[in-house]
Amino acid sequence: PDVGRQILSYSAEMEDFQTMLKGFLEFDTAIECIIDLEVQGHTASSLAVEGGNWNVLDSLLSHGALLNHPLLVEALALHNHLDRLQQHLAVERHIPASQRLLTAEHLNGIFTRTCVSGHAECAAALRVHMQLVGVIPNGQHNILEAVRAQQHSMIDFHANAQTTLDADVLGQA
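The structure presented is a predicted model; accordingly, all values stated were derived computationally and were not measured. (Residues numbered from 1 in each chain as written. Predicted model: local features only at pLDDT ≥ 70, side-chain atom pairs only at ≥ 80, totals over all residues. Heavy atoms only, no water.)

Moving on: the overall build of the chain. In terms of helices and strands, the chain carries nine helices and zero strands. Helices (α) and strands (β) of the chain occur, in sequence order from the N terminus, as α-α-α-α-α-α-α-α-α. Burial status across the chain gives 34% buried among its 173 residues. When contacts within the chain are restricted to residue pairs at least 6 apart in sequence, long-range pairs at least 24 apart make up 66% of them. Per element, the accessible surface of the chain, about 10500 Å² overall, is 56% carbon and sulfur. (Helix = DSSP H or I, 4+ residues; strand = E, 2+ residues; numbered from the N terminus. Buried < 20%, exposed > 50% of the residue type's maximum accessible area, 1.4 Å probe, protein only. Contact = heavy atoms within 4.5 Å. Areas by Shrake-Rupley, 256 points an atom, 1.4 Å probe, with all protein chains shown as cover.)

Moving on, we come to the packing of helix H5 (residues 70–78) against helix H6 (residues 82–93). Running from amino to carboxyl end, H5 crosses H6 at an angle of 150°, the nearest separation of the two axes being 8 Å. Judged by the angle between their axes, H5 and H6 are roughly antiparallel. In this structure, H5 crosses over H6, and the sense of that crossing is left-handed. Residue-level contacts link Leu72, Val73, Leu76 and Ala77 of H5 to Arg84, Leu85, His88 and Leu89 of H6. Grouping the constituent residues of the contact of H5 with H6 by class yields six nonpolar, one polar and one charged. (Axes fitted to C-alpha atoms, helices over the stretch in contact; angles between N-to-C directions. Parallel < 35°, antiparallel > 145°, perpendicular 65-115°, else oblique. Left-handed = near helix turned anticlockwise from the far one by under 90°. Nonpolar A, V, L, I, M, F, W, Y, C, P; charged D, E, K, R; others polar.)

Positive phi, normally seen in glycine, also occurs at Asn80, with a value near 60°. Residue placement: Asn80 occurs in the loop between H5 and H6.

Another point: the nonpolar core. Ranked by size, the top nonpolar core spans 28 residues in total, and within it Leu85, Leu107 and Leu126 carry the most contacts. Among residues more than four places away in sequence, those in contact with Leu107 are Leu102, Leu126, His129, Met130, Val133 and Val135. (Core = buried A, V, L, I, M, F, W, Y, C linked by side-chain atoms within 4.5 Å.)

To continue, consider the packing of H6 against helix H8 (residues 120–132). Contact geometry of H6 with H8 gives a least axis separation of 10 Å together with a crossing angle of 10°. Taken together, the axis directions place H6 and H8 in an arrangement best described as roughly parallel. Residues Leu82, Leu85, Gln86, Leu89, Glu92 and Arg93 of H6 touch H8, and the partners they reach there are Glu121, Cys122, Ala125, Leu126, His129 and Leu132. Within the contact of H6 with H8, the residues separate by chemical class into seven nonpolar, two polar and three charged.

Among the residues of helix H4 (residues 54–62), Val56, Leu57, Leu60 and Leu61 are the ones counted as buried. All buried residues of H4 fall inside an arc of 135° around its axis, so they share one side. Opposite its buried face, H4 presents the exposed residues Asn55 and Ser62, each directed more than 90 degrees away. A side-chain oxygen of the first residue of H4 lies 3.3 Å from the backbone nitrogen of Asn55; this N-cap is Asn53. Note on H4: the residue one or two positions beyond its end, Gly64, has a positive phi of about 110°. (Arc of directions from axis to C-beta. Polar contact = N/O pair within 3.5 Å; in protein donor to acceptor, adjacent residues only side chain to side chain.)

In short, shape yes, function no, at least from these values alone.
Here you go:
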């Protein structure tokens, strides 16, 4: 029950956020002031990614949101949006090193959190990007850990699904 309430609350917050954002997008001068504003570890674009709202993200990017903002890149990686992540990292690679937003510290943090979350393909994309831009990954986490986390998650999911199925079958008998 608590999880259901949290999901409903989050869903309502996202709807409120999207309504507010649409209003801001109508005023170009206002959007320039807030487009990459960080509030409690989020930007408008990272929240759009978390909600899977690509129309809002595309609107933000067309109004000047930074394609390579660390919080946006992290949201793409942690929510397993590999295609978009690769596009954003490709843009970052073409920016002169002195002007890149993704520092070695950012990249190592995003890489570590992506490995821990079990998104092995996104972790691999980050690792390739890090190698291409000359960032040496921290030795703490690696892609094998991401694969292990992903496998554990899949095993837990299937075990829970089988337990539920068994309970349903037993309940019908």
